[in-house]
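One letter stands for each residue in the lines below.
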Amino acid sequence: MTAAVHPRLQPHFDAVIARNPGEKEFHQAVYEVILSLTPIAGKRPEYLQWSILKRICEPERQIIFRVPWLTDAGEVEINRGFRVQFNTALGPYKGGLRFHPSVNLSIIKFLGFEQVFKNSLTGMPIGGGKGGSDFDPKGKSEQEIMRFCQSFMTELYRHIGEYRDVPAGDIGVGGRELGYLFGQYKRITNQYESGVLTGKGLSWGGSQVRTEATGYGTVFFAQEMLGTKGQSFDGKRVVVSGSGNVAIYAIEKVHQLGGTVIACSDSNGYVVDEQGIDLDLLKDIKEVRRARLSEYAERRGSDVRHVADGSLWDVPCQIALPCATQNELRGSAAKALLDNGVELVAEGANMPCTPKAIDLFQGAGILYAPGKASNAGGVATSALEMQQNASRDSWSFEDTEARLQQIMTAIHTRCVETAEEFGEPGNYVMGANLAGYMKVANAMVALGVI
Ligand code: NDP
Ligand code: 2IT
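Just so you know, these numbers come straight off a predicted model, no measurement behind them.

What counts, and where the lines are drawn
Residues numbered from 1 in each chain as written. Chains lettered and ligands numbered in written order. Predicted model: local features only at pLDDT ≥ 70, side-chain atom pairs only at ≥ 80, totals over all residues. Heavy atoms only, no water. Pairing = 2+ DSSP bridges. Helix = DSSP H or I, 4+ residues; strand = E, 2+ residues; numbered from the N terminus. Axes fitted to C-alpha atoms, helices over the stretch in contact; angles between N-to-C directions. Contact = heavy atoms within 4.5 Å. Near = heavy atom within 4 Å. Polar contact = N/O pair within 3.5 Å; in protein donor to acceptor, adjacent residues only side chain to side chain. Areas by Shrake-Rupley, 256 points an atom, 1.4 Å probe, with all protein chains shown as cover. Parallel < 35°, antiparallel > 145°, perpendicular 65-115°, else oblique. Left-handed = near helix turned anticlockwise from the far one by under 90°. Nonpolar A, V, L, I, M, F, W, Y, C, P; charged D, E, K, R; others polar. Salt bridge = Lys/Arg side-chain N within 4 Å of Asp/Glu carboxyl O. Buried < 20%, exposed > 50% of the residue type's maximum accessible area, 1.4 Å probe, protein only. Core = buried A, V, L, I, M, F, W, Y, C linked by side-chain atoms within 4.5 Å.

Novice: Explain the sheet that holds strand E3 (residues 93–99) to me, please; I cannot follow it from the model alone.
Specialist: Sheet strands pair by backbone hydrogen bonding; their relative direction is either parallel or antiparallel. The strand order across the open sheet built from 5 strands is E1-E2-E4-E3-E5, with neighbouring strands paired in mixed fashion. Both edges of this open sheet fall to strand E1 (61–70) and strand E5 (165–168), since each of them pairs with a single strand only. For this sheet the average axis-to-axis angle between neighbouring strands, irrespective of direction, equals 20°. Two elements, E3 and E5, share 4 bridges in a ladder whose sense is parallel. Within E5, the residue paired with Tyr93 across the bridge is Asp165. Contacts between helix H5 (residues 105–122) and the sheet are confined to E1, strand E2 (76–87), E3 and strand E4 (128–133), with E4 contributing the most and set at about 150° to the helix.

See below:
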């Protein structure tokens, strides 16, 4: 952590660290928000009344459960399941499920905490939560994935519901997993409760554009940022990290808007393709075959490099979109990007840039957007899916994409105007955190000390 917290807020931050020992990702996420509250601490103490900050940092409920399942060989495996129900001031808990071996309580709490402010920023009636498991989907058979999802839902079902808590996907959880999860929920409850999960398939209650929404939304947000400088994606060299759901659809939208994505990555390395990433090939490798990115270089030909060791962020670009995971872009990577002339960084992932990297970007005066603003298109489209489920309707791709774009434009305006109101023009971090916080705080005051 780099900059100093306001003295009036420091005791709150100290208390969070003391109450949640060792949870470094959670501390980092809280630090970023508390740092942004500096202008409130001096001028708008009403936003700190009734211990709002203290309450906002404490999840309403944290559920941890055992997930036993049988491998194909008949062995019993045990994983740990989590659901952190963070805040319902604005609506039912809403946020994804992550299946990745690195998952622990700290990671789920940081994600749940960020989700509260992100969901507030969307302007939709959704509270914040997050869940998942330390289960590793890599190398598992289809049957093992199904058995795991069924066991996970056998415990989770009692805690969720259309009006209570509405999970969706995140790392390692996509359409396939959501299908098995929804199937098990439907079986246990004997109800076709479409609004209990989002990210569903189109034939069983899903929404058009939800698959594309996070990546598309990130690029729509970046387009708005470029617009403030009279620029666009046209002709820009872009680097996107990751090659999962968010990365793939960020690449697709960049290409539609005239930019060229020349590099992307997975956890085993990155590829550089100066002609522009071939999306049909990437989708076949990642969405259909669930294979490694090294296969991209093998199949695309000799002009493409696969780099197993090293940093993707050494590839010179004008726009960088980190779309893989938390803390993937550190100070040294930020320096390399700046040395190579990066002009804009917009986060598709949650908390991919470390505080040091953010400091460097802001110090250099480039455009930088935090994930809770720029990646909010995914959860916003989830809220559109909930609307369609509640009204037993389904909208066209074009209408839904237009709604997504309007929502991203509105979030951008909210960030810009709030940053200006508090004397920090161009500071998207402050704009996003303050706007997100104030809306939740207002609702929490209205609802009393609960
Ligand atoms: P996917 O599982 O579809 O893809 C994740 C990608 O990131 C993969 O390419 C994966 O590589 C890479 N990755 C994951 N963990 C690591 C790691 N520890 N080190 C290096 N690479 C890693 O997930 P999503 O695309 O859905 O999520 C990506 C990010 O976007 C996450 O931060 C998520 O929280 C965030 N997000 C997702 C939303 C959504 O709607 N899905 C909405 C808003 C934010 P590999 O396959 O090798 O593991
Ligand atoms: O981090 C996120 O916003 C998501 N993973 C999407 C959450 C959702 O409920 O759609």
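Novice: Help me understand the site of ligand 1, please; the structure alone is not making it clear to me.
Specialist: Near ligand 1, the surroundings consist of 25 residues, among which Asp170, Thr214, Ser267, Arg292 and Asn350 are the closest. Separating an oxygen atom of ligand 1 from a side-chain N or O atom of Lys138 is a distance of 2.8 Å. Gly172 places a main-chain nitrogen or oxygen 3.0 Å from an oxygen atom of ligand 1. Here ligand 1, which alone exposes 880 Å², has 82% of that area covered by the protein. The set of elements that each furnish at least two residues to the shell around ligand 1 consists of helix H8 (210–227), helix H9 (245–256) and strand E7 (260–266).

Novice: Which parts of the structure should I look at to understand the packing of H8 against H9?
Specialist: Two quantities define a packed helix pair, namely the angle between the axes and the distance from one axis to the other. The contact between H8 and H9 brings their axes to 7 Å, and the two run at 50°. Taken as axis vectors, H8 and H9 run oblique relative to one another. H9 is crossed by H8, and the crossing has right-handed handedness. Where H8 abuts H9, its residues Thr211, Glu212, Thr214, Gly215, Tyr216, Val219 and Phe220 lie against Asn245, Val246, Tyr249, Ala250, Glu252, Lys253, Val254 and Gln256. Here the contact of H8 with H9 is composed, by residue class, of 7 nonpolar, 5 polar and 3 charged.

Novice: Sorry if this is basic, but what is going on with the site of ligand 2 here?
Specialist: The local shell around ligand 2 holds 14 residues, among which Lys94, Lys118, Asp170, Arg210 and Ser382 are the closest. At 2.7 Å, a side-chain N or O of Lys94 approaches an oxygen atom of ligand 2. Side-chain polar atom of Lys130 to an oxygen atom of ligand 2: 3.0 Å apart, as the coordinates give it. Summarising the interface, the protein chains cover 95% of the accessible area of ligand 2, which totals 300 Å² for the free molecule. Listed by contribution, the elements that provide at least two residues to the shell around ligand 2 are E3, H5 and helix H15 (377–390). Taken together, the residues of the shell around ligand 2 break down into 2 nonpolar, 7 polar and 5 charged.

Novice: Even after reading the chapter, I still don't get the pattern of salt bridges, so can you show me in this structure?
Specialist: Where charged atoms from two side chains of opposite charge come close, those side chains can pair. Summed over the entire model, instances satisfying the criterion amount to 26 salt bridges. With its nearest N and O atoms 3.0 Å apart, the salt bridge here joins Asp170 to Lys130. On the criterion of sequence distance, the pair formed by Asp170 in the loop between E5 and helix H7 (175–189) and Lys130 in strand E4 is long-range, its members being 40 residues apart. With a closest N to O distance of 2.7 Å, Glu401 and Lys253 form a salt bridge. Highlighted residues: Glu401 in helix H16 (residues 397–421) and Lys253 in helix H9, separated in sequence by 148 residues. Its relative accessible area of 16% is what places Glu401 among the buried residues. The network of salt bridges with common partners includes Asp284, Arg289, Glu295 and Arg299.

Novice: Looking at this structure, I do not really get unusual backbone geometry. What am I missing?
Specialist: Within the chain, Ser51 stands out as a residue other than glycine whose phi angle is a positive 50°. Assignment of secondary structure puts Ser51 in the loop between helix H3 (38–43) and helix H4 (52–56). The phi torsion at Asn190 lies on the positive side, around 55°, for a residue other than glycine. You can see Asn190 is positioned in the loop between H7 and H8. By relative accessible area, which is 70% here, Asn190 ends up exposed.

Novice: Looking at this model, I keep getting lost on the nonpolar core. Mind explaining?
Specialist: As a rule of thumb, nonpolar side chains are buried together in soluble globular proteins. The biggest cluster of nonpolar side chains holds 59 residues, and the ones touching the most others in it are Phe221, Leu282, Tyr296, Leu321 and Ile411. No other element matches H8, which puts 8 residues into this core. Ignoring anything within four residues of it in the chain, the contact list for Phe221 reads Ala369, Ala373, Ser374, Met408, Ile411, His412, Cys415 and Tyr428. If you look at the next biggest cluster of nonpolar residues, it comprises 43 residues, including Ala89, Leu105, Phe422 and Ala443.

Novice: Got a minute to help me understand the side chain of Lys286 in this structure?
Specialist: Summarising the element assignment, Lys286 is placed in helix H10 (residues 279–288). Overall, Lys286 belongs to the buried group, its relative accessible area being 16%. Here the side chain of Lys286 touches Ala291 through a polar contact of 2.9 Å, landing on its backbone oxygen. Discounting residues that sit within four places of it in the chain, Lys286 has contacts with Ser243, Ile248, Asp266, Ala291, Arg292 and Leu293.

Novice: In this structure, what is going on with the side chain of Thr400? I would like to understand it.
Specialist: Within the secondary structure, Thr400 is located in helix H16. With relative accessibility at 0%, the residue Thr400 sits in the buried group. For Thr400, the side chain forms a polar contact with the main-chain oxygen of Ser396, separated by 2.6 Å. Leave out the neighbours within four places in its chain, and Thr400 touches Ser207, Gln208, Val209, Thr381, Leu384 and Trp395.

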